[in-house]
Amino acid sequence: MNNRKLLPTTVVGSYPKPNWLRRLIREYEKGEISNKIMRRAYDDAVKAVVKEQELAGVDILWDGEMRRDEMTSYFARRIEGFTIYGEVRVWGNNYYPKPAIIDELRYRDELAVSDYKFLRRITDHEIKIPITGPYTLVDWSFNEYYRTREEAVYALAEVINQELRRLAEAGASYIQIDDPAIPTHPEEIEVAKNSIEIVTREVNAYIGIHICYGDYSKIYPEILEFNVDQIDLEFANRNFKDIGIFKDYEFTKDLGFGCVDVHTRRIESVEEIKDNIRKAFSIVKPERVYVDPDCGLKLLSSEVAFKKLRNMCQAAREIREELEG
Amino acid sequence: MSRIIPTVLGSYPRPPWFREYLRKVEGLQKEGGRAMDEATYAKAVGEVIREQRDAGIKLFTDGQLLWHDLLCHLATKIDGFEMNGLIRYFDNNLYYRIPKIKAKLERRRSIVVDEFRVAYSIEHEMKTVLSCFTLASLSEDEFYHDKSELVMDIAHIMNQEAKELVRNGAKYIQIDEPSLLYAEKEDMNVMKDAIEVIRRGVDAKFFLVTYFRDAERIFPEVLDFNVDVIGLDFVEGYEKNFELLREYDMDKEVQAGVVDGRTTKMEDKEQVKQKIRAIHDAVNGETLYVSPNTGLEFLPYIKASEKLKVLCNSVGDIQ
């Protein structure tokens, strides 16, 4: 983005929900709380986690996904053509409500515009809006309606594109497409690429794509062809082993550099994170680096999430000062 | 007298209340000591057997309701395994914990016998699922450093398990081997010997079942395996598997996966009927088992029985 400071810090999206909010959600699901009270509770939770992110020193933030239960069904419930029959296993005792496409996919409810507008009113910080990409939404859904996966992906891309245009019109300047399913089917990378082309068509905003959990060697350098400004990846989770993958071809996008591990409760020290951030400079020059955790923070406790973010922001600040002399 | 027998592959989605129950007693992370209440388990098994029966299934499974995946349920009960991080299970949005082999594998207690007893008390026509080559292939071996030795040790363990199953009434034992479809030719020799070991002294009908792709790599060697039934995936590998059936003279029965266990889209009954008829002809009218191509755990609970009804109604129309 233009005129921004060096090494801006950001988040991938989710933040731990306060315990009181979890309890209210359970009561709401039992019908014990009205819509109005629940809406106020979400608003209050957003204010709280925004404040936490600000205190931690995050430059570009989001609302912690307080209103979202999960990254697939949350969107599917708001798009015409989806239904949800029930939950299926991801692993062990972990399940998710897997959507099914049963009709033509069409834009129905807004996905993030009012969340964005609310957030805009309560913070002066720059805002990043994460939305799950059409490729991943289709990959994680059943397809009963479209002849091929490809057709389903493109139809959904049109729907997401409408939302992105609305977001940009509302003033959003930075949107992140979450697409972790892309590396699981490298043979379909053209479909994924085309879907991003559709999603970003005539959207006047800075666009990032976030991909975690995958084998990056299967999608690099092809991912550089995607119509995005930034590619945001996890590095701490696999102990920065993946850095080598990105050295064979010039990295021509901005790099969102996941430098804090969200799968461990251990709080990395400022010194350790500084070492981590410097590793990014072997891929791109510092002017192209955004500093963030590997992924959303929702699986951590609030306390651990805050401390990780605070140390990350401190580390970025110190390197920034060193670089600017 | 030729017959077409509708059956299931193995897994059935957990009834939602049982899923919640397991989430509570086991937690979301690694299994600790399982404080499983047998009556609760029996109730859940009873429900999935009833679902199968109501759909028209004639050869049942217990739905593998306690299994988190094909591997860890076996591996956690065999000495010598340790469980490791998560990895993607074939081409599915489903992950399993990688079993790591740290010592010589030994069976010090039964593996699935307790579960079998519960299911058998409800329904006698019960198939039990085990695995050998796939368990060996998808584990990280830090002890044997010799695949055939590893496979043979697992085969001995499965033989002990099969014997105990038969003592408890089992008549049908299914060996699930999706990894065999990725095997090298020398692996096929190892597996042929392994099957001999697994069967030794076991009076039961043996199924060797494959899925997720066509079976080109295991033909014709698999025809020499000492099994009674070969399971093939006629959704993912339809054309190729059909060719194989026509090309080779099968002296075994076939279990054909003819409806897609991984999509909520329901097949057209006429098309399923045609498929079954064609396969039945290709096996010269021998007894044919038909099933979904995979376990049904990929489906939401309410869709599993619907899928089985598509299967069973197609069979009913043929006979």
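Starting afresh in each chain, residues are numbered from 1 along the sequence in its written order. Each chain takes a letter, starting from A, and each ligand takes a number, starting from 1, following the order in which they are written. Per-residue local features are limited, in this predicted model, to residues with pLDDT of at least 70; the limit for side-chain atom pairs, both in listing and counting, is 80 or more; totals at the level of whole chains, interfaces and linings are taken over all residues.

**Q** Can you lay out the overall build of chain B for me, pointing to particular residues and giving the numbers?
**A** What counts as a helix is a DSSP run of H or I of at least four residues, what counts as a strand is a run of E of at least two, and both are numbered from the N terminus. Summing up its helical and strand segments, chain B has 10 helices and 10 strands in all. Two things to know: the radius of gyration comes from C-alpha atoms, and the globule rule equals 2.2 Å times the number of residues to the power 0.38. Relative to the globule expectation of 20 Å for 319 residues, the C-alpha radius of gyration of chain B, 19 Å, shows essentially globular dimensions. Principal-axis analysis of the C-alpha atoms places the extent of chain B at approximately 50 × 45 × 35 Å. Here exposure depends only on C-beta density: within 10 Å of a residue's C-beta, 20 or more other C-beta atoms make it buried, 12 or fewer make it exposed, and intermediate numbers make it partly exposed, the C-beta atoms being placed from the backbone. Here chain B, with 319 residues, has 49% of them falling under the buried criterion. Taking contacts inside chain B between residues at least 6 apart in sequence as the whole, the part at least 24 apart equals 77%. Contact between two residues is assigned whenever their backbone-derived C-beta positions fall within 7 Å.

**Q** Describe the nonpolar core, naming the residues involved and giving the relevant values.
**A** Working definition: the nonpolar core is a set of buried Ala, Val, Leu, Ile, Met, Phe, Trp, Tyr and Cys residues, joined through C-beta atoms within 7 Å. Of all hydrophobic cores here, the largest spans 99 residues; its most connected members are Cys132, Val151, Ile154, Ile175, Ala194 and Val290 of chain B. With 8 residues, the single largest contributor to this core is helix α6 (residues 147-167) of chain B. Beyond its immediate chain neighbours, meaning those up to four positions away, Ala194 of chain B contacts Cys132, Phe133, Val151, Met152 and Ala155 of chain B. One finds Ile131, Val138, Ala192 and Tyr290 of chain A within the second-largest nonpolar core, a separate group that totals 91 residues.

**Q** Which residues make up the packing of helix α8 (residues 270-280) of chain A against helix α9 (residues 302-324) of chain A, and what values go with them?
**A** A pair of packed helices is characterised by two quantities: the angle between their axes and the separation of those axes. Residue and element names in this part refer to chain A. Only the contacting stretch of a helix is used when fitting its axis, a line to C-alpha atoms as for every element, and angles between N-to-C directions run 0 to 180 degrees. Following both chains from N to C, one finds α8 and α9 inclined at 60°, their axes separated by 8 Å at the closest point. By the angle between their directions, the pair α8 and α9 is classed as oblique. Like other packed secondary-structure pairs, α8 and α9 cross with a definite hand, here right-handed. Of the residues in α9, those in contact with Val270, Ile273, Lys274, Ile277 and Arg278 of α8 are Asn311, Met312, Gln314, Ala315, Ala316, Glu318 and Ile319. Residues are grouped as follows: Ala, Val, Leu, Ile, Met, Phe, Trp, Tyr, Cys and Pro are nonpolar; Asp, Glu, Lys and Arg are charged; every other residue, Gly included, is polar. In terms of residue class, the contact of α8 with α9 is made up of 7 nonpolar, 2 polar and 3 charged. Any angle that falls under 35 degrees is termed roughly parallel, while one over 145 is termed roughly antiparallel, one within 65 to 115 roughly perpendicular, and all others oblique. In this scheme, a crossing is called left-handed if the near helix is turned counterclockwise away from the far one by less than a right angle; it is called right-handed if the turn is clockwise.

**Q** Help me get a handle on the environment of Val159 of chain A, residues and values and all.
**A** All names here are of chain A. Along the chain, Val159 falls in helix α6 (residues 149-169). For Val159, a count of 22 C-beta atoms within 10 Å puts it in the buried group. Between the C-alpha atom of Val159 and that of Pro16, which follows or precedes it by 143 residues, the distance is 29 Å.

**Q** Tell me about the confidence of the model for chain B, and please be specific about residues and values.
**A** pLDDT expresses how confident the predictor is about each individual residue, on a scale running from 0 to 100. Looking at chain B as a whole, the pLDDT averages 94, with 96% of positions reaching at least 70. For this predicted complex, the interface confidence reaches an ipTM of 0.91, while the overall pTM sits at 0.93.

**Q** Go over the pairing of strand β7 (residues 205-209) of chain B with me, naming the residues and quoting the values.
**A** Residue and element names in this part refer to chain B. Where burial is concerned, most of β7 is hidden: 4 out of the 5 residues are buried. Pairs of strands are assigned from DSSP output, requiring at least two bridges between the strands. Here 5 bridges tie strand β6 (residues 172-176) to β7, and the two strands are oriented parallel to one another. Paired with Tyr172 across the two strands is Lys205, which belongs to β7. By convention a crossover is right-handed if, when the strands point away from the viewer, the path from the first strand over the helix to the second runs clockwise. Taken together, β6, helix α7 (residues 185-199) and β7 constitute a β-α-β crossover, and its handedness is right-handed. Bridge analysis of β7 against strand β8 (residues 229-233) gives 3 bridges, and the strand direction is parallel.

**Q** Please provide a residue-by-residue account of the environment of Tyr220 of chain A, values included.
**A** Residue and element names in this part refer to chain A. Examined against the element boundaries, Tyr220 turns out to sit in the loop between β8 (206-211) and β9 (230-234). Residue Tyr220 is classed as partly exposed on the basis of its C-beta count, with 18 C-beta atoms lying within 10 Å. Sequence-distant contacts of Tyr220, defined by excluding residues within four places in its chain, comprise Ile245 and Phe246.

**Q** How would you summarise the sheet that holds strand β5 (residues 140-141) of chain B if you had to cite specific residues and measurements?
**A** All names here are of chain B. Across the sheet, which stays open at both edges, the 3 strands sit in the order β2-β3-β5 with mixed pairing between neighbours. Both outer strands of the open sheet, β2 (79-88) and β5, are each paired with one neighbouring strand and no more. As paired elements, strand β3 (residues 95-106) and β5 share 2 bridges and run parallel to each other. Pairing of Ile101 across the sheet is with Asp141, part of β5.

**Q** Describe the interface of chain B and chain A, listing the residues and the values that go with them.
**A** Listed as interface residues are 23 residues of chain B and, on the opposing side, 18 residues of chain A. Counting residues per element, the side of chain B that touches chain A draws most heavily on helix α1 (residues 16-26) of chain B, which supplies 5 residues.

**Q** Which residues make up helix α2 (residues 38-55) of chain B, and what are the values?
**A** Since one α-helical turn is 3.6 residues long, residues separated by three or four positions face the same way. All names here are of chain B. Taking 1.5 Å as the rise per residue, α2 with 18 residues should run 26 Å; its terminal C-alpha atoms sit 26 Å apart, in good agreement. By the burial criterion, the buried members of α2 are Tyr41, Ala44, Val45, Val48, Ile49, Glu51 and Gln52. Buried residues in α2, looked at end-on, bunch into an arc of 150°, giving them a common side. Projecting away from the buried face of α2 at angles above 90 degrees are the exposed residues Ala39 and Asp54. Contact partners of the buried residues in α2: α1, α4 (113-120) and α10 (301-318). Trailing α2 by a residue or two, Gly56 shows a phi angle of about 115°, which is positive. By this rule the span expected of a helix is its residue count minus one, scaled by 1.5 Å. This arc is taken over the directions from the axis of the helix to the C-beta atoms.

**Q** Can you lay out the sheet that holds β6 of chain B for me, pointing to particular residues and giving the numbers?
**A** Residues and elements named next belong to chain B. Taken in spatial order, the 7 strands of this open sheet run β1-β10-β9-β8-β7-β6-β4, and their pairing is parallel. Edge positions in the open sheet fall to β1 (4-6) and β4 (127-130), since each of these has one partner strand only. The average angle at which neighbouring strand axes cross in this sheet is 25°, direction not considered. As judged from the 4 bridges shared by β4 and β6, these two strands associate in the parallel manner. Among the inter-strand pairings, Val129 is bridged to a residue of β6, identified as Gln174. Along the sheet, α10 contacts β1, β9 (253-259) and β10 (288-292); its crossing angle with β1, the most-contacted strand, is approximately 165°.

**Q** Can you break down the environment of Glu149 of chain B residue by residue, with the values?
**A** Residue and element names in this part refer to chain B. Locating Glu149 in the fold gives a position in helix α6. Overall, the presence of 15 C-beta atoms within 10 Å leaves Glu149 in the partly exposed class. In sequence terms Glu149 and Leu138 are 11 residues apart; their C-alpha atoms lie 15 Å from each other.

**Q** Which residues make up the packing of α2 of chain B against α10 of chain B, and what values go with them?
**A** All names here are of chain B. Direction vectors running N to C along α2 and α10 enclose 30°, while the axes themselves pass 8 Å from each other. As the angle between them shows, α2 and α10 are arranged roughly parallel. The way α2 lies across α10 gives a crossing that is right-handed. Between α2 and α10, the contacting residues are Glu51, Gln52, Asp54 and Ala55 on the first element and Ala304, Ser305, Leu308, Lys309 and Cys312 on the second. Across the contact of α2 with α10, the residue classes break down as 4 nonpolar, 2 polar and 3 charged.

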